[in-house]
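A structural walkthrough
Here is what each chain is made of, one letter per residue.
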Amino acid sequence: MWRRSFSTLPKKKWDAVVIGGGHNGLTAAAYLARGGLSVAVLERRHVIGGAAVTEEIVPGFKFSRCSYLQGLLRPCIIRELELGRHGLKLLKRSPSSFTPCLDGRYLLLGPDQDLNHSEISKFSKHDADAYPRYEKQLERFCGFMDPLLDSAPPESLQSASSFNDKLSNKMYKSAFWARCFRQAVSLGHKDMVDFMDLLLAPASKVLNNWFESDVLKASLATDAVIGSTASVHTPGSGYVLLHHVMGETDGEKGIWSYVEGGMGSVSMAIANAAKEAGAEIFTNAEVSEILTEDSSIVKGVLLADGTRVESSAILSNATPYRTYVELVPTNVLPENFVSAIKNSDYSSATTKINLAVDKLPQFQCCNTNHSGPGPEHFGTIHIGAESMDEVHSACHDSENGLPSRRPVIEMTIPSTLDNTISPPGKHVINLFIQYTPYKPSDGSWEDPTYREAFAQRCFKLIDEYAPGFSSSIISYDMLTPPDLEREIGLTGGNIFHGAMGLDSLFLMRPVKGWSNYRSPLKGLYLCGSGAHPGGGVMGAPGRNAAHVVLQDLKRI
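Thresholds, definitions, all that
- Residues numbered from 1 in each chain as written.
- Predicted model: local features only at pLDDT ≥ 70, side-chain atom pairs only at ≥ 80, totals over all residues.
- Heavy atoms only, no water.
- Salt bridge = Lys/Arg side-chain N within 4 Å of Asp/Glu carboxyl O.
- Buried < 20%, exposed > 50% of the residue type's maximum accessible area, 1.4 Å probe, protein only.
- Helix = DSSP H or I, 4+ residues; strand = E, 2+ residues; numbered from the N terminus.
- Pairing = 2+ DSSP bridges.
- Axes fitted to C-alpha atoms, helices over the stretch in contact; angles between N-to-C directions.
- Contact = heavy atoms within 4.5 Å.
- Core = buried A, V, L, I, M, F, W, Y, C linked by side-chain atoms within 4.5 Å.
- Lys, Arg positive; Asp, Glu negative; His and termini not counted.
- Polar contact = N/O pair within 3.5 Å; in protein donor to acceptor, adjacent residues only side chain to side chain.
- 1 Å grid on protein atoms, 1.4 Å probe; cavity = no way out; pocket = protein on both sides within 12 Å on 5 of 7 lines; lining within 4 Å.
- Points joined across faces, edges and corners; volume = space filled by probe spheres on them.
- Nonpolar A, V, L, I, M, F, W, Y, C, P; charged D, E, K, R; others polar.

**Let's talk about the pattern of salt bridges**
Note on pairing: side chains with opposite charge can pair once their charged atoms come close. Following the criterion strictly, the structure yields 26 salt bridges and no others. Among the ionic pairs, Lys122 bridges to Glu119, the shortest N-O distance being 3.0 Å. Here Lys122 falls in the partly exposed class, since its relative accessible area comes to 39%. A salt bridge links Asp129 to Lys125; its shortest N-O distance comes to 3.0 Å. Taken together, the residues span about one helical turn, with Asp129 and Lys125 both in helix α4 (residues 125-149) at a distance of 4 residues. Overall, Asp129 belongs to the partly exposed group, its relative accessible area being 34%. It is possible to trace a salt-bridge network through shared partners that takes in Arg45, Glu55, Arg65, Asp477 and Glu487.

Written out as structure tokens, the structure is:
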């Protein structure tokens, strides 16, 4: 991992400084450096990657501590930065989903359509026939949205501008909306109405309209609530079902993958591309303040040790709250802008547990006794989600201030395909858990006994499906919402840098009027997941923000 200390940071004025060495910040740095700028990336922690990081918390076991699957990283970034040449190796999962049931049945899903039909038929012949049509429709919707991800939203001009700037902005907006209109026409009236329904409806309504099997609906519904505080019955949760088909690996749609070496390898590959282009990356370099000149333009940053770093442009990979409320001095930004940032939703109900185990879980419903991995071990394993009602009940507990009595758990075992992250015969297991409120009403995440009790609750739930699982645990690492905030810098513990509701997307992200990565403070840009198009290991905010900066600097 990258461990260059900031003590070696040269005293010079940089063209651009990137606050935070997460994957978006590194992506921005790579494109800025390729554009000919001198770029410094300043990372607070001892290791780069942000939430896309690999760490050896337990000796011999390498954990993807936060993010754990790759599928959203934009193909243009992989291609343009030649990430394969820089060490990125993707490991495709097939099957990609496994849902065990306490009644002895199970559901496997994946890229194999014959397998899907056979598996779903165990629960419903109607659903088995409907499933390919469901996936095809979602793929068409993704095709409509896909071009929106790789460019800045068509924002209004935010400051006094020249005639050429006004003309350029008008032409850009006209071309953008014309392209959207053409795509809407090609989608057709029926699909466009269905798309609007998907955007506005609860996930439960969408899935109930398609399917009758509780197990299938629950397996798909987890895509709609992952990383959020929402229930499957929350209006607007339906559009997140698109994640089911948004994943892509090596050009194959709908395929999510593990990354050899863990998710930190994504960040390392991007960092290698940035370094090759001339960017410099510094760890243990915490930014404490963004420096301004006459409260109107940035002039650099102040590090926690008092070091001043001068720059003409600052790109923040931190959350909008951290950037605009905590790093920018008081009274520099307009009051209504700061108020909108403060009132954004940063809530989280997500906990991540990373485990080192001495054997694979043996699921009772599979009735197998093999020591090596079987089809049930390769994909995402859905625990405690046999019906949408169970998912909703887990959410309801959290709404009442309690960690879910029966949590919804997404288990992945990347070591089934990646032999570089665990000792022979042993495995790394990721548990992505919902719902866990930031401030529980019945205790505190700062209390070791309370933390351990919840961890054991999760392990015992898994024991119901895979007897003896708890006894296989060697050690574990647990990150609750406050831990994610403190260690990774995620405000409120929100893994997306802010909620991904319909009121916080596209032209409304991070706030209305400032969706094009710029800010009211000249020279300060947002390049993290709090900007369009949002969270996930996508890289699009970093790439898009870098293009905006390069465009702005050409005008000076």
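**Looking at the pairing of strand β7 (residues 106-109)**
Bridging between strand β6 (residues 97-100) and β7 involves 4 bridges; their strand directions are antiparallel. Of the residues in β7, the one forming a bridge with Phe98 is Leu108. Hairpin connection from β6 to β7: 5 residues lie between these consecutive antiparallel strands, with Gly104 at a positive phi of about 100°.

**Digging into the sheet that holds β7**
The 7 strands lie next to each other as β7-β6-β16-β17-β18-β15-β19, forming an open sheet whose pairing is mixed. Of all strands in the sheet, those with a lone pairing partner are β7 and β19 (473-479), marking the two edges. Within this sheet the neighbouring strands show an average axis-to-axis angle of 20°, counted without direction. In terms of strand pairing, strand β16 (residues 380-383) meets strand β17 (residues 408-412) through 3 bridges, oriented antiparallel. Of the residues in β17, the one forming a bridge with Ile381 is Met411. Its contacts with the sheet put helix α8 (residues 214-225) on β6, β7, β16, β17 and β18 (427-434), and the angle it makes with β7 is roughly 55°.

**Looking at the nonpolar core**
By size, the foremost hydrophobic cluster in this structure holds 74 residues, and its most contacted members are Leu32, Leu42, Leu83, Ile290, Val301 and Leu315. If sequence neighbours within four positions are ignored, Leu42 has contacts with Leu9, Val17, Val18, Ile19, Gly20, Gly21, Phe282, Ala285, Val287, Val301 and Leu303. Membership of the second largest hydrophobic core comes to 46 residues, among which are Phe144, Leu220, Leu241 and Val391.

**A look at the side chain of Asp127**
Looking at the secondary structure, you find Asp127 in helix α4. Buried and unpaired, Asp127 has Lys217 as its nearest opposite-charge partner, separated by 6.9 Å. If we skip the residues at most four places from it in the chain, Asp127 touches Ile120, Trp210, Phe211, Glu212, Ser213 and Leu216.

**Quick look at the side chain of Ser231**
Within the fold, Ser231 resides in the loop between α8 and α9 (243-246). Ser231 gets classed as buried once you look at its relative accessible area, which sits at 2%. Here the side chain of Ser231 touches His392 through a polar contact of 2.7 Å, side chain to side chain. Leaving out residues up to four positions away in the same chain, Ser231 has contacts with Val225, Ser237, His392, Cys395 and Tyr435.

**Things to note about empty space enclosed by the protein**
Enumeration according to the criterion identifies 2 cavities of 30 Å³ or more in this entry. Put simply, the largest cavity is a space of about 70 Å³. Lining the largest cavity, in full, are Lys62, Ser64, Tyr68, Tyr258, Val259, Gly262, Met263, Pro414, Asp418, Ile421, Val428 and Asn430. Elements with a minimum of two residues in the lining of the largest cavity: β4 (61-64), β10 (257-259) and β18. Broken down by class, the residue content of the lining of the largest cavity amounts to 7 nonpolar, 3 polar and 2 charged. By volume, the second largest cavity amounts to about 50 Å³. Forming the boundary of the second largest cavity are Thr222, Val225, Ile226, Val408, Glu410, Phe432 and Gln434. Elements supplying a minimum of two residues to the lining of the second largest cavity: α8, β17 and β18. Grouping the constituent residues of the lining of the second largest cavity by class yields 4 nonpolar, 2 polar and 1 charged.

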